[in-house]
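# An overview of the molecular structure
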Amino acid sequence: MSEPDSPGGSLDDALAAAFDGEFGEDEEERQVGDGATDDEDDGKGGNSTPSSDVDLDELGEKGFTEVESLQDDVGYVPPPAKRQRMIRFGAVEELGPSPGSAAAAAGGSGGGSAAAAAAAACAHPVWVFGLCGVCGVSKEAAAEAAGGADQYGQYLAGGGGGGASRHRSSGGSGGGAGGSQAGVVRLKHLHANKEVEVSTHEAERIRRDTMSRLLSRRRLILILDLDHTLLNSVHTGEVGEDSAPQLAEVLRREEEANLGPRRLLHRLADNKLWTKLRPGVFEFLEGLREAYEMHIYTMGDKTYAAEVRRLLDPTGRLFASVVAKDHSTTATAKDLDVLLSADELALVLDDTEIVWPGHRRNLLQIERYHYFPSDLRKWRADGTALLEQGTDESVTDGALATHMRVLRAVHTRFFSQDDPSLPPLELRDVRDILAQQRRRILQGCSLTFSRCWPQDRNPRREPLWQLAEALGATCLPAYDPQATTHVVAAGGGTEKVHQARSQGKAVVLPAWLQACSFKWSRLPEADFAVPEPTSDGRTGASSGGTAVRPAACGGGSSGGHLTAEEELRVVMAVAGGGGGGAADGNREQ
């Protein structure tokens, strides 16, 4: 009972009175209490105060109303609801018994419980904080019931943390029906504490379900990189005094245009970053949302990824998931295993090929977007950054617009019902469709290379040779006056170059191949013509709004270019603008 001098009708008293009877009382205590109250009332002339009767629903509604009123007063706008990706895991009866269940059942027949029997019959498809998400048994108990480390030893040894490699079979299922489950796939992006793991068999089942769901909706999968693909970010400390006035002018123009959430230049104070979205990014995302299930996959950290997602997708409706470096199964590469996606339905848009060693057939490599001067210098690229030029890519004819057209064409052909050359829908592979589209670019061209690599190397293993073949060209080991249509040369003055020029053949720089790949079309050879021999041996500048990094070749080119190892180190260092507040160690010295 409250003290006589306590304020009546307070919220604390009301809640206390309401919860007094919430969980019930012993009947005997209630009767005693009622009797004492009657006696007391009789003795005091019936002047007792009736017990409080509080409606919790009414209190809750009142509280919500007050909160909404306060939010309106301060102009608070709640963030959009986060789009959730729901994954349904198999039930016990669907998955069948796990290996060792018979032994466990026999051992527990003397005094085993129903829970133990259920655990023995479970295939343990998903683990959450070390407990099976279906039957609730712990990994230790499952390993003991299975007879040691045959099936669950990798779980207990931490073998599932690195992401088990998988191999999709082209015909049947991924493994034998009775085989043991080798390891797990840890789905770090589905849980804040990174403690959700699924068995490899369950992962394969989810992939099959994903494939069936997407095909029924006529959708494919698109994985999108962030840095240098959809945007460019740098640490605020890297913006020099010469760039500050230019940034201020860009901000002023965007404010005058009243672009609202479709602004392209942002200063992320919490991350200490300048972020410039690539022109056409909103049109690109909106234009593909119906045809593709889109995911973000970045080498930046999850805080940076979440902030950028808010810029790209204010309504929270475009992206099915976000995978950051904290979630990836490997530190220096990207893999589709974390998405549990069907590889034959997935395409990747990224500026860096080297980070996708196992999925190059899925990749559409886009030209790097260099807006800030300090970022361009890190890549040792020729040319000047867009901010220095005072220009930007075209919304309608830039890199994102080009790739949107390609992705639409791939989607249309994949789901075509009028092409008899295509296999049945359930057997189609989007990687084959993409390769067919790419081979059209230089179809009918026959190339001979000059001084693009040392003579003691196997030319068929050289990146330029492989790129040309991927674009549909025929590569010739020697100059053929009848067959050769182009000579790709790192510089002039060679016998092959003289022969080609004397016969009116095109002589182009290696950058022509890379630029054709970026633009998905055969570009004018004159824009990439090898200049007449000069004393400094320069190969000339590439065309286009941003600096195109010519493919590395042994003959050399202006400026030093990165090796594969150096490129990977730069990718890791500049991801997320160099790590936000911790970017000092990654700044250019």
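All of these numbers come straight from a predicted model, not from anything done at the bench.

## Brief notes about the packing of helix α11 (residues 281–288) against helix α15 (residues 399–414)
- The contact between α11 and α15 brings their axes to 9 Å, and the two run at 10°. Classed by the angle they form, the pair α11 and α15 counts as roughly parallel. Of the residues in α15, those in contact with Val 281, Glu 283, Phe 284, Gly 287 and Leu 288 of α11 are Leu 400, His 403, Met 404, Leu 407 and Arg 408.
- The class makeup of the residues in the contact of α11 with α15 is 6 nonpolar, 2 polar and 2 charged.

## Focus: the side chain of Ser 243
- With respect to the element layout, Ser 243 can be found in the loop between β6 (231–235) and α10 (244–257).
- Residue contacts for Ser 243: discarding those within four places in its chain leaves Pro 373 and Leu 387.

## Quick look at the sheet that holds strand β8 (residues 273–277)
- Judged by pairing direction, the sheet is antiparallel, and its 3 strands sit side by side in the order β6-β8-β7 without closing on themselves. Single-partner strands in this sheet number two, and they are β6 and β7 (265–268). Sheet twist, expressed as the mean angle between neighbouring strand axes with direction ignored, is 20°.
- In the sheet, β6 pairs with β8 via 5 bridges, with the strands oriented antiparallel. The residue bridging Leu 231 from the neighbouring strand is Leu 277, located in β8.
- Sitting on the sheet, α10 is in contact with β7 and β8, with an inclination near 115° to β7.

## Concerning the sheet that holds strand β10 (residues 319–323)
- Sheet architecture is open: 5 strands sit in the order β10-β9-β5-β11-β12, paired in parallel fashion. Bordering the open sheet on either side are β10 and β12 (363–365), each of which pairs with just one other strand. Pairs of neighbouring strands in the sheet enclose a mean axial angle of 20°, with direction left out of account.
- With 4 bridges connecting them, strand β5 (residues 220–224) and strand β11 (residues 346–350) associate as parallel partners. Note on β11: the bridge partner recorded for Ile 221 is Ala 346.

## Here's the deal with the packing of aromatic side chains
- Taken as a whole and assessed by the stated rule, the structure comprises 7 aromatic pairs.
- Three or more aromatic residues link up through ring pairs in this structure, and these residues are Tyr 369, Tyr 371 and Phe 372.
- One cation-aromatic arrangement involves Lys 276 over Tyr 371; the distance from NZ or CZ to the ring centre is 4.8 Å.
- Here the guanidinium or amino end of Arg 368 rests over the ring plane of Trp 379, the centre of that ring lying 3.8 Å away.

## Here we look at the nonpolar core
- Ranked by internal contacts, the top residues of the largest apolar core, which has 95 residues, are Phe 284, Tyr 292, Phe 449 and Leu 513.
- A total of 7 residues in this core trace back to one element, the largest contributor, which is α15.
- Contacts of Tyr 292, omitting those with residues within four sequence positions, involve Arg 219, Leu 220, Ile 221, Leu 222, Leu 347, Leu 407, Val 410 and His 411.
- Core analysis: the next-biggest nonpolar cluster, separate from the first, contains 11 residues, Val 239, Leu 265, Trp 274 and Leu 386 among them.

## Considering the confidence of the model for the protein
- On average, residues of the protein carry a pLDDT of 76, and 68% of them reach 70 or more.
- Across residues 92–111 the pLDDT falls below 50, and counting only partners more than four positions away or on other chains, this stretch makes 29 contacts in the model.
- Across residues 149–182, where pLDDT falls below 50, the model places 57 contacts with residues more than four positions away in sequence or in other chains.

## A short note on the pattern of salt bridges
- Counted according to the given criterion, the structure contains 27 salt bridges.
- Glu 249 is the partner of Arg 253 in a salt bridge, and the nearest nitrogen-oxygen pair spans 3.6 Å. Taken together, the residues Arg 253 and Glu 249, both in helix α10 and 4 residues apart, mark about one turn of the helix.
- Residue Asp 392 is joined to Lys 276 by a salt bridge in which the shortest nitrogen-to-oxygen separation is 2.7 Å. Here the residue Asp 392 occupies a position in the loop between α14 (386–389) and α15, and Lys 276 occupies one in strand β8, the gap between them amounting to 116 residues.
- Here Asp 392 falls in the partly exposed class, since its relative accessible area comes to 27%.
- Put simply, Glu 249, Arg 252, Arg 253 and Glu 256 are held in one network by salt bridges that share partners.

## Let's talk about the pairing of strand β9 (residues 292–297)
- Most of β9 is tucked away, with 6 of its 6 residues classed as buried.
- Burial of the side chains of β9 extends over both faces: Tyr 292, Met 294 and Ile 296 are buried on one face and Glu 293, His 295 and Tyr 297 on the other.
- With 4 bridges connecting them, β9 and β10 associate as parallel partners. Paired with Met 294 across the two strands is Phe 319, which belongs to β10.

## Re the pairing of β7
- Of the strand pairs in this sheet, β7 and β8 are connected by 4 bridges, and their pairing is antiparallel. Within β8, the residue paired with Arg 267 across the bridge is Trp 274.
- The turn linking β7 back onto β8 is made up of 4 residues, and Lys 272 within it adopts a positive phi angle of 55°.

## Overview of unusual backbone geometry
- Here the phi dihedral of Arg 218 falls at roughly 55°; this positive angle occurs in a residue that is not glycine.
- Tracing the backbone through its elements, the reader meets Arg 218 in the loop between α9 (200–216) and β5.
- Judged by its relative accessible area of 41%, Arg 218 falls in the partly exposed class.
- We note that Arg 380 has phi near 55°; this positive angle belongs to a residue other than glycine.
- Structurally, Arg 380 is set in the loop between α13 (373–378) and α14.
- Residue classification places Arg 380 among the partly exposed positions, given a relative accessible area of 40%.

## Some details on the environment of Ile 221
- Inspection of the secondary structure assignment puts Ile 221 in strand β5.
- A relative accessible area of 0% places Ile 221 in the buried class.
- Placed 124 residues apart in sequence, Ile 221 and Leu 345 show a C-alpha to C-alpha distance of 5.9 Å.
- Not counting the four nearest positions on each side in its chain, Ile 221 is found in contact with Leu 214, Tyr 292, Glu 293, His 295, Ser 341, Ala 342, Leu 345, Ala 346 and Leu 347.

Rules and cut-offs
Residues numbered from 1 in each chain as written. Predicted model: local features only at pLDDT ≥ 70, side-chain atom pairs only at ≥ 80, totals over all residues. Heavy atoms only, no water. Axes fitted to C-alpha atoms, helices over the stretch in contact; angles between N-to-C directions. Helix = DSSP H or I, 4+ residues; strand = E, 2+ residues; numbered from the N terminus. Parallel < 35°, antiparallel > 145°, perpendicular 65-115°, else oblique. Contact = heavy atoms within 4.5 Å. Nonpolar A, V, L, I, M, F, W, Y, C, P; charged D, E, K, R; others polar. Pairing = 2+ DSSP bridges. Phe/Tyr/Trp six-rings, centres within 6.5 Å; stacked < 30°, edge-to-face > 60°. Lys NZ or Arg CZ within 6 Å of the ring centre and 35° of its normal. Core = buried A, V, L, I, M, F, W, Y, C linked by side-chain atoms within 4.5 Å. Buried < 20%, exposed > 50% of the residue type's maximum accessible area, 1.4 Å probe, protein only. pLDDT = per-residue confidence, 0-100. Salt bridge = Lys/Arg side-chain N within 4 Å of Asp/Glu carboxyl O.

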